[in-house]
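Geometric and topological summary
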Amino acid sequence: MNTVKIRGLEISARHGVNDFEKVEAQRFIFDVDVGTDFYRAAIDDDLNGTVNYARLCKLITEITQSNVFNLLEKLAYECAYAVLENFENAKNITLTVWKPDAPMKRKFDGVGVTVALERELVYLSLGSSEGDKKAYLDSALQKLDKTRGVKVLKVSEYIKTAPYGGVAENEFLNCAACVSTFLTPHALLDEIHRIEGECGRVRDKRWGDRTLDIDIIFFGDKRVNDETLTIPHPDYNNRDFVKIPLKSIASHLFK
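Here's what I pulled together on the structure shown here. Everything numeric here is computed off the predicted structure, so don't read it as measured data.

Its 14 residues place the ends of helix 2 (residues 53-66) 20 Å apart at the C-alpha level, agreeing with the 20 Å of an ideal helix rising 1.5 Å per residue. Contact partners of the buried residues in helix 2: strand 1 (2-13), strand 2 (26-36), helix 3 (72-86) and strand 3 (92-98).

What follows concerns the environment of Ser128. Here Ser128 lies in strand 5 (residues 120-128). The class of Ser128 is buried, set by a relative accessible area of 0%. Along the sequence, Ser128 and Val242 sit 114 residues apart, while their C-alpha atoms lie 13 Å from each other. Apart from residues lying up to four places away in sequence, Ser128 is in contact with Lys133, Tyr136, Leu137, Glu171, Phe172, Leu173, Arg210 and Thr211. Of the polar contacts made by the side chain of Ser128, one reaches the backbone oxygen of Thr211; its length is 2.6 Å.

Following Ile231, the chain continues into Pro232 via a peptide bond in cis, with omega recorded as -5 degrees. Residue placement: Pro232 occurs in the loop between strand 11 (230-231) and helix 6 (240-249). Positive phi is not limited to glycine here, since Asp45 has a value of about 55 degrees. As for its position among the elements, Asp45 is in the loop between helix 1 (39-44) and helix 2. Take Asp45: its relative accessible area is 73%, and that puts it in the exposed class.

Turning to the pairing of strand 8 (residues 172-181), a few remarks are in order. In terms of burial, strand 8 is a largely internal element, ten of the ten residues being buried. Residues of strand 8 alternate between two faces, with Phe172, Asn174, Ala176, Cys178 and Ser180 on one and Leu173, Cys175, Ala177, Val179 and Thr181 on the opposite face, all of them buried. Of the strand pairs in this sheet, strand 5 and strand 8 are connected by nine bridges, and their pairing is antiparallel. In the sheet register, Leu126 faces strand 8, and the bridge partner there is Cys175. Pairing analysis gives five bridges linking strand 6 (residues 150-155) to strand 8, with the strands arranged antiparallel. Bridge pairing in strand 8 links Lys154 to Cys178. Sheet topology places strand 7 (residues 159-161) next to strand 8; three bridges connect them, and they run antiparallel. The residue bridging Ile159 from the neighbouring strand is Asn174, located in strand 8.

On to the sheet that holds strand 4 (residues 112-118), then. Taken in spatial order, the four strands line up as 1-2-3-4 in an open sheet, and their pairing is antiparallel. Single-partner strands in this sheet number two, and they are strand 1 and strand 4. Strand-to-strand, the axes of this sheet are offset by a mean angle of 15 degrees, without reference to chain direction. Relative to strand 1, helix 2 is tilted by about 35 degrees, and along the sheet it contacts strand 1, strand 2 and strand 3. Of the strands in this sheet, strand 2, strand 3 and strand 4 touch helix 3, which is tilted by about 30 degrees from strand 4.

Attention now moves to the packing of aromatic side chains. Under the defined criterion, the tally for this structure stands at two aromatic pairs. Their ring planes at 80 degrees and their centres at 5.7 Å tell us that Tyr77 and Tyr81 sit as a pair that is edge-to-face. One end of the pair is Tyr77 and the other is Tyr81, both in helix 3 and four residues apart, which spans about a single turn. Owing to a relative accessible area of 14%, Tyr81 belongs among the buried residues under this scheme. A centroid spacing of 5.0 Å and a plane angle of 70 degrees characterise the contact between Tyr81 and Phe182, whose relative ring orientation is edge-to-face. Of the two residues, Tyr81 sits in helix 3 while Phe182 sits in the loop between strand 8 and helix 5 (185-198), which places them 101 residues apart along the sequence. In this structure an aromatic cluster arises from ring pairing among Tyr77, Tyr81 and Phe182. Against the face of Phe254 rests Lys247, its NZ or CZ located 5.3 Å from the ring centre.

What counts and what doesn't
Residues numbered from 1 in each chain as written. Predicted model: local features only at pLDDT ≥ 70, side-chain atom pairs only at ≥ 80, totals over all residues. Heavy atoms only, no water. Helix = DSSP H or I, 4+ residues; strand = E, 2+ residues; numbered from the N terminus. Expected span 1.5 Å × (residues − 1). Contact = heavy atoms within 4.5 Å. Buried < 20%, exposed > 50% of the residue type's maximum accessible area, 1.4 Å probe, protein only. Polar contact = N/O pair within 3.5 Å; in protein donor to acceptor, adjacent residues only side chain to side chain. Pairing = 2+ DSSP bridges. Axes fitted to C-alpha atoms, helices over the stretch in contact; angles between N-to-C directions. Phe/Tyr/Trp six-rings, centres within 6.5 Å; stacked < 30°, edge-to-face > 60°. Lys NZ or Arg CZ within 6 Å of the ring centre and 35° of its normal.

Set out below in structure tokens:
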């Protein structure tokens, strides 16, 4: 992986929690690393094969000057998201924004925040056993694709499966999806819970019948194991309703 770097991009803008900071412009300074593969640009000496740093500076400047945010965290995320949304060949970004003139009654060299985002391929399992099952799956995929930072790339055929776990009673309709995302695993989980709720999911009985269930099976090469999320999904290999549709779109995961 190669890196396009920007150091010390200074922009005059109005961001801060104090009212006067939203009126009086201050300096904001950006350091940016964008991971990309510019081998072809180097071989062909062609700007189209890399991340154009002039466009990159212009984009960050436009976002910084056309908005007014309370927090550096918000500004940093908005700029990082915009870079990944506007440069398809950007694989990851680490962006730091400094506020050298922050109104604090202390002596300091600088205050700032850093955000790091990376595109990942994520594999999801979706199922429904209540109501119009196909409509719920269709809606879930549409909502995923409209979620900022998520793009649905591939969807398996829908299959009918028997209930699993000994609690649900209805037949399920299942599918698998491959998405590209630069959200973190827990941020994606938050969006999944939002979509499940919008589709009428009620979490009153574990493994019971439900309008919509979305599980994260794989998230790139990442491994997560905490009280809210385990990746890879710990039971995927025992679930035909996960494996059958997933194999149809990602057979390499089972070799």
